[in-house]
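Inside the fold
Letter by letter, the chains look like this.
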Amino acid sequence: MKSYVRAALALTVASTVLTFSGQSNATAFAAWQVAGVPFCDTLNARKYPSNTSQKQAGYPNGTVLQMTGRCTGGIDLLDIAGQPHWKQRQTIRHRWCEVWHGPAQNGHFVTGWVYGKYITPY
């Protein structure tokens, strides 16, 4: 009987730690802004890092995005945050970067991907 109680307690502790560690990642977002999109167009946020992937939303120039920090090629926006803005933009220019957004505008947030050519540090 004691082993069942210990196992249940261990599971409870582990799930609590995972819950709080998952929430702490939310405070590590990097703010980047949509820039350089042609007039009367929008930056497409896509489900996967590909221009043929499903479009989730479109954002005009000036929109501030919540970036998770993750970009293709193993680049982390938080790791390059101390560099000059021009160097950060140059680093991700040909990469896809993950965004945390609410495309349905109903409070339900998901991850998506935007092309680095059209974002700049905020």
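Structure shown above.
Scoring rules and cut-offs
Residues numbered from 1 in each chain as written. Predicted model: local features only at pLDDT ≥ 70, side-chain atom pairs only at ≥ 80, totals over all residues. Heavy atoms only, no water. Helix = DSSP H or I, 4+ residues; strand = E, 2+ residues; numbered from the N terminus. Buried < 20%, exposed > 50% of the residue type's maximum accessible area, 1.4 Å probe, protein only. Polar contact = N/O pair within 3.5 Å; in protein donor to acceptor, adjacent residues only side chain to side chain.

**As for unusual backbone geometry**
Notably, C40 is not glycine yet its phi reads approximately 65 degrees, a positive angle. Mapped onto the secondary structure, C40 falls in the loop between β1 (30-34) and β2 (43-46). Judged by its relative accessible area of 70%, C40 is exposed. Unusually for a residue other than glycine, Q105 sits at a positive phi of about 55 degrees. Looking at where Q105 falls in the secondary structure, it is placed in the loop between β6 (96-101) and β7 (110-115). The exposure class assigned to Q105 is exposed, which follows from its relative accessible area of 74%.

**Digging into the side chain of H101**
Tracing the backbone through its elements, the reader meets H101 in strand β6. Assessed through its relative accessible area of 4%, H101 is described here as buried. At 2.8 Å, the side chain of H101 forms a polar contact with the side chain of Q56.

**Notes on the environment of A81**
Within the fold, A81 resides in the loop between β5 (75-76) and α2 (85-92). The class for A81 is partly exposed, based on a relative accessible area of 45%. Counting along the chain gives 12 residues from A81 to G69, while the straight-line C-alpha distance between them is 9.8 Å.

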